[in-house]
Amino acid sequence: TQIRRCEQIHARLIKTGFIQNSNLTTRIVLAFAASRRPYLAEFARCVFQNYHSCSFAHGEVEDPFLWNAVIKSHSHGVDPKRALIWFCLMLENGVSVDKFSLSLVLKACSRLGFVQEGMQIHGFLRKTGIWSDLFLQNCLIGLYLKCGCLGFARQIFDRMPQRDSVSYNSMIDGYVKCGLIGSARELFDLMPKEMKNLISWNSMISGYAQTSDGVNIASKLFAEMPEKDLISWNSLIDGYVKHGRMEDAKDLFYVMPRRDVVTWATMIDGYAKLGFVHKAKTLFDQMPHRDVVAYNSMMAGYVQNKYHMEALEIFNNMEKDSHLSPDETTLVIVLSAIAQLGRLSKAMSMNKYIVEKSFPLGGKLGVALIDMHSKCGSIQQAISVFEGIKNKSIDHWNAMIGGLAIHGHGELAFDMLMQIERCSIKPDDITFIGVLNACSHSGLVKEGLLSFELMRRKHKIEPRLQHYGCIVDILSRSGSIELAKHLIEDMPMEPNDVIWRTFLIACRNRKEFEIGELVAKHLILQAGYNPSSYVLLSNMYASLGMWKDVRRVRMMMKQRKLHKIPGCSWIELDGNVHEFFVDSNTL
């Protein structure tokens, strides 16, 4: 291996005595410390540690140049925390630090979000003779902004004896990212004209484009820009798309001097979100070059608009494009499409593909895989995937609980909640929606009520409408009509038509005619164009032989041109999914 070769070279240098040549070791450190190959960077650090870090004479102040190279390899590498360790060793060994040493360690603090350590460096900097250095003060502003300390960053900015475009742009960008566009505009207007550059203008356009009220201001700034780059055009197009102004986005799109994949993907996404999926596909077909982002945008657009088969066709086309490999986002979209189609054979082949390609399942992909198997009817496969994931997040638990709920395994779902409690994992509101739903489908009244109390009292999660809906369903199914009625009346928010219909079904099943009739009439007034409320009331009247009232309700439906939505089922046969309705004679 490459690491083994480095070790052999190191051994050869020791054996020949060349390792004692400081010029050679210096060249090794400088050549390899910044290498993108981890084994070379580690080799350079090893050489430095063994032959340079403690080699200078007593009383001599060593040049920090090599130290900075090693610190940079950590501050810009995979383990920025080690940059802090080397910086401390520098100070302990009496090595003179310069502005580059300090900037590198501030960079490491920024990447790690270490605000306390950053403040210590800030305090150390105040004691040195280079405190007023513009470059270092900009580094401090960057540190505090990255750590969310906007006030500290502004204090440094206000006290700076001199500022440059980096100072202004950093503060403007910080304000924009915090949603304080007014403060950003104030600084932008104060900024000397000669300092304003593309970064300044683009930050302001991007900030204003985030709000519907600000898009017109962004457009005005765009028109005033002395020069524009691709980011300027894409920022304004993105603003138009976010707020549904596709005609404005289209006008800008067609006058752009140059477009990139981001431009095309933004337009495709905009059309798809408004339901114009065919326009999105037309743009997609016109793209001169497509990358994974473009394919993902088109597939996501199809899935959002329930064109699941078409999304899978795009994925198949992408696979044929030999130079492209799907990423995690691609697979999450594909798994979502398969889950909605319920195609078990396709689910199994995608599972095999993911395993063969060694995609990690610790993030969204694992969640999507569990969800897909559950919705395709293979709960055992979902459990197998879940158990194979080592570092599970609460999203993995939620997906598994939701799958168990779909399959009516209420006791297993409740047991999973107990496991979450034992493992000291913090559940969220979605966890309890899944558990309550599972308890509802399985008739677990005691467990459902216990889960509801755990959520409110122990985890301090404020119940949402869905949680109340599940509890109403649990009580209604168990025959506790009065308790369900009181819960609906005491809810802190207005119950929706789903909760009322759940209660109405229970009233019908339990022959609570008087309460049911009042609820049905309330529903018809509240959601006058939902046919299910009329059908439920009509069925209640029919069960009691009140045919005159049945005809009256059906006449109301006819006058309002409402039709009962027929029952529908899917079946997979020979790899194809067939859909059929009530009274269908063939598949």
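Residues numbered from 1 in each chain as written. Predicted model: local features only at pLDDT ≥ 70, side-chain atom pairs only at ≥ 80, totals over all residues. Heavy atoms only, no water.

Draft legend 1. Representation of the overall build of the chain in the model. Looking only at helices and strands, the chain features 33 helices and two strands. Per-residue burial for the chain yields a buried fraction of 44% across its 587 residues. As displayed, the chain has an accessible area near 31500 Å², and 53% of this comes from carbon and sulfur atoms. (Helix = DSSP H or I, 4+ residues; strand = E, 2+ residues; numbered from the N terminus. Buried < 20%, exposed > 50% of the residue type's maximum accessible area, 1.4 Å probe, protein only. Areas by Shrake-Rupley, 256 points an atom, 1.4 Å probe, with all protein chains shown as cover.)

Draft legend 2. Main features of the pattern of salt bridges. In this structure the tally under the stated criterion is 15 salt bridges. In this structure, Lys-281 and Asp-285 form a salt bridge, with 2.8 Å as the shortest nitrogen-oxygen distance. You can see Lys-281 and its partner Asp-285 sitting in helix 17 (residues 277–286), four residues apart, about one turn around the helix. Residue Lys-281 is classed as partly exposed on the basis of its relative accessible area of 22%. (Salt bridge = Lys/Arg side-chain N within 4 Å of Asp/Glu carboxyl O.)

Draft legend 3. Here's a closer look at the environment of Ser-345. Inspection of the secondary structure assignment puts Ser-345 in helix 21 (residues 344–356). In sequence terms Ser-345 and Cys-376 are 31 residues apart; their C-alpha atoms lie 9.0 Å from each other.

Draft legend 4. Region of the structure containing the nonpolar core. Met-171, Met-267 and Met-400 are the most contacted members of the largest nonpolar core, which has 150 residues in total. Excluding anything up to four places from it in sequence, Met-267 contacts Ile-237, Val-241, Met-246, Ala-249, Lys-250, Phe-253 and Leu-283. (Core = buried A, V, L, I, M, F, W, Y, C linked by side-chain atoms within 4.5 Å. Contact = heavy atoms within 4.5 Å.)

Draft legend 5. Broad picture of the UniProt feature "repeat: PPR" (unreviewed entry) in the chain. UniProt records the feature "repeat: PPR" (unreviewed entry) at residues 164–194, 197–228, 229–263, 291–325 and 393–427, using the numbering of this structure. With 74% helix and 0% strand, residues 229–263 has its two end C-alpha atoms placed 12 Å apart. (UniProt positions renumbered as here; feature names shortened; annotations may be inferred.)

Draft legend 6. Spatial organisation of the environment of His-467. Structurally, His-467 is set in helix 28 (residues 465–477). In sequence terms His-467 and Phe-452 are 15 residues apart; their C-alpha atoms lie 7.9 Å from each other. At a separation of 2.9 Å, a polar atom in the side chain of His-467 contacts the main-chain carbonyl oxygen of Asp-429. (Polar contact = N/O pair within 3.5 Å; in protein donor to acceptor, adjacent residues only side chain to side chain.)

Draft legend 7. Local environment of the confidence of the model for the chain. Looking at the chain, pLDDT values average 83 and 80% of them are 70 or higher. Here helix 1 (residues 2–16) stands out as the least confident element of the chain, with mean pLDDT 59; helix 10 (residues 165–177) is the most confident, with 94. (pLDDT = per-residue confidence, 0-100.)

Draft legend 8. Region of interest: unusual backbone geometry. Residue Lys-306 is not a glycine yet carries a positive backbone phi of 65 degrees. Note on placement: Lys-306 falls in the loop between helix 18 (292–304) and helix 19 (308–320). One non-glycine residue, Ser-358, lies in the positive phi region at around 60 degrees.

Draft legend 9. Geometry of helix 26 (residues 429–442). Look at helix 26: 20 Å from first C-alpha to last across 14 residues, which is about the 20 Å you get at 1.5 Å a residue. Looking only at helix 26, the buried set comprises Asp-429, Thr-431, Phe-432, Gly-434, Val-435, Leu-436, Ala-438, Cys-439 and Ser-440. Looking at the buried positions of helix 26, the neighbouring elements they touch are helix 24 (394–406), helix 25 (410–422), helix 27 (445–458) and helix 28. The backbone nitrogen of Ile-430 lies 3.1 Å from a side-chain oxygen of the residue at the head of helix 26, namely Asp-428. (Expected span 1.5 Å × (residues − 1).)

Draft legend 10. Representation of the packing of aromatic side chains. Applying the stated criterion across every chain, the model contains 14 aromatic pairs. Taking 5.8 Å as the distance between ring centres and 70 degrees as the angle between the ring planes, the aromatic pair formed by Trp-67 and Trp-86 counts as edge-to-face. With Trp-67 in helix 4 (residues 65–75) and Trp-86 in helix 5 (residues 81–92), this residue pair connects regions lying 19 residues apart in the sequence. Exposure remark for Trp-86: the relative accessible area of 5% places this residue in the buried category. Centre to centre, the rings of Phe-315 and Tyr-353 are 6.4 Å apart; their planes meet at 85 degrees, and the pair counts as edge-to-face. In this pair, Phe-315 sits in helix 19 while Tyr-353 sits in helix 21, placing the two residues 38 residues apart along the sequence. Taken together, Phe-253, Tyr-254 and Trp-264 form an aromatic cluster joined through their ring pairs. Note that Lys-228 overlies the ring of Phe-222, its terminal NZ or CZ placed 5.0 Å from the centroid. Here Lys-392 stacks its cationic end above the ring of Phe-386, 5.0 Å away from the centre of that ring. (Phe/Tyr/Trp six-rings, centres within 6.5 Å; stacked < 30°, edge-to-face > 60°. Lys NZ or Arg CZ within 6 Å of the ring centre and 35° of its normal.)

Draft legend 11. Quick look at the packing of helix 5 against helix 6 (residues 99–112). Here helix 5 crosses helix 6 at 145 degrees, and the two axes come no closer than 8 Å. Considering only the axes of helix 5 and helix 6, their crossing is left-handed. Residues Lys-81, Ala-83, Leu-84, Phe-87 and Met-90 of helix 5 form the contact with helix 6, whose participating residues are Ser-101, Leu-102, Val-105, Ala-108, Cys-109 and Leu-112. (Axes fitted to C-alpha atoms, helices over the stretch in contact; angles between N-to-C directions. Left-handed = near helix turned anticlockwise from the far one by under 90°.)

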